[in-house]
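# Fold and contact review
Chain by chain, the residues:
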Amino acid sequence: MPKLAMVRRLEAVGFRAWPAASVHYDGSWAVRLTASHPSRRLNSVNPLDPADNRDIESRIGRIEQRFKSYARPIVFRMTPLAPAELEAQLNAHGWLRVDETRVLMAGLDQIDLDGGYDLLPVRDIGRFADAALALSTDERVNKPGLTELLESIRPPHAMFVIEDDAGPAATALCVHDNELAGLFEISVRAGLRNRGYGRSIARAALRWAANQGATLGWLQVEASNQAGNGLYERLGFEEVYRYVYRTRGD
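Everything numeric in this text was worked out from a predicted model, so none of it was measured.

Right, let's get into the environment of leucine 119. The topology assignment puts leucine 119 in the loop between β5 (96-107) and α4 (125-135). C-alpha of leucine 119 to C-alpha of arginine 207: the two residues are 88 residues apart in sequence and 9.7 Å apart in space. Leave out the neighbours within four places in its chain, and leucine 119 touches Phe160, Val161, Ile162, Ile201, Ala204 and Arg207.

With that settled, consider α4. All of the buried residues along α4 are Gly126, Phe128, Ala129, Ala131, Ala132 and Leu135. For α4, the N-terminal cap is aspartate 124; the gap from its side-chain oxygen to the backbone nitrogen of glycine 126 is 2.9 Å.

This next bit is on the environment of leucine 173. Mapped onto the elements of the fold, leucine 173 is located in strand β7 (residues 167-177). It is 5.8 Å that separates the C-alpha atoms of leucine 173 and leucine 183, two residues lying ten residues apart in sequence. The contacts of leucine 173, once residues within four sequence positions are left out, are Trp18, Phe128, Leu150, Ile153, His157, Ala158, Met159, Gly182, Leu183, Phe184 and Glu185.

Take the packing of α4 against helix α5 (residues 143-151) next. The contact between α4 and α5 brings their axes to 10 Å, and the two run at 125 degrees. By the angle between their directions, the pair α4 and α5 is classed as oblique. Crossing handedness for the pair α4 and α5: right-handed. Across from Ile125, Gly126, Phe128, Ala129, Asp130, Ala132 and Leu133 in α4, the residues of α5 making contact are Lys143, Leu146, Thr147, Leu150 and Glu151. By residue class, the composition of the contact of α4 with α5 is seven nonpolar, two polar and three charged.

Time to look at the packing of helix α6 (residues 197-211) against helix α7 (residues 226-235). For the pair α6 and α7, the least separation of the axes is 10 Å and the interaxial angle reads 50 degrees. Judged by the angle between their axes, α6 and α7 are oblique. Between α6 and α7 lies a crossing whose hand is right-handed. Judged by residue contacts, Gly198, Arg199, Ala202 and Arg203 of α6 engage Leu231, Arg234 and Leu235 from α7. Looking at side-chain class alone, the contact of α6 with α7 contains three nonpolar, one polar and three charged residues.

Calculation notes
- Residues numbered from 1 in each chain as written.
- Predicted model: local features only at pLDDT ≥ 70, side-chain atom pairs only at ≥ 80, totals over all residues.
- Heavy atoms only, no water.
- Helix = DSSP H or I, 4+ residues; strand = E, 2+ residues; numbered from the N terminus.
- Contact = heavy atoms within 4.5 Å.
- Buried < 20%, exposed > 50% of the residue type's maximum accessible area, 1.4 Å probe, protein only.
- Polar contact = N/O pair within 3.5 Å; in protein donor to acceptor, adjacent residues only side chain to side chain.
- Axes fitted to C-alpha atoms, helices over the stretch in contact; angles between N-to-C directions.
- Parallel < 35°, antiparallel > 145°, perpendicular 65-115°, else oblique.
- Left-handed = near helix turned anticlockwise from the far one by under 90°.
- Nonpolar A, V, L, I, M, F, W, Y, C, P; charged D, E, K, R; others polar.

Below you can see the structure in the form of structure tokens.
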């Protein structure tokens with residue numbers, strides 16, 4: 001069982017690193033919505049206190065109306081901070097469990113940050129957005145939405161792109177928040193996977209963060225992503241906790 005203090009800490013830095021356009025609190029449930037971006041991480045209910053289990057059914061109905069105003073289906077993001085009573089309620093009503101995700105962390109002093117490409121951060125958000133979209137498999141994401149998200153990140157951050165003659169080969173975004181460095185948007189072009197591009201760009205991003213004073217790296221990766229999990233575990237990342245999304249069965 002993960003320590004809840006660490007879960008709360010990583011959830012807080014995750015919200016700052018990947019900020020939703022609208023955040024509303026119903027008790028300790030953070031309702032995050034973003035009209036311009038389809039990511040579930042930006043459009044979900046995030047319970048943040050295992051003891052906040054009051055009026056669950058009425059709160060779900062109230063929050064669902066807020067999601068409907070954004071033309072989005074209600075989604076719960078269930079971390080170890082979610083109350084057991086909410087889990088039981090969702091189970092009783094047939095809500096599905098989808099996209100299990102692992103949250104990993106590593107001490108930067110335990111990672112070999114040398115080698116690979118010696119990259120400087122990209123300062124042009126448009127260039128990074130174009131590269132990230134070229135490598136993305138999610139056709140719902142568009143440039144205005146991704147650009148708006150990147151521009152809203154407040155902690156210090158750096159964007160990295162590896163390019164070859166065929167265009168973008170790999171991307172990474174690193175967000176530095178006190179001693180923590182979060183990795184996002186790590187993508188490699190399909191034909192170049194398993195050739196060291198992911199390892200190289202992750203190292204470059206974490207080197208940048210270490211030079212800014214970060215001592216811990218963290219990231220989120222879907223449990224089903226075998227290549228990604230293998231890469232991060234080889235770098236030295238270890239699991240802290242998992243979360244899953246719950247959606248209505250209908």
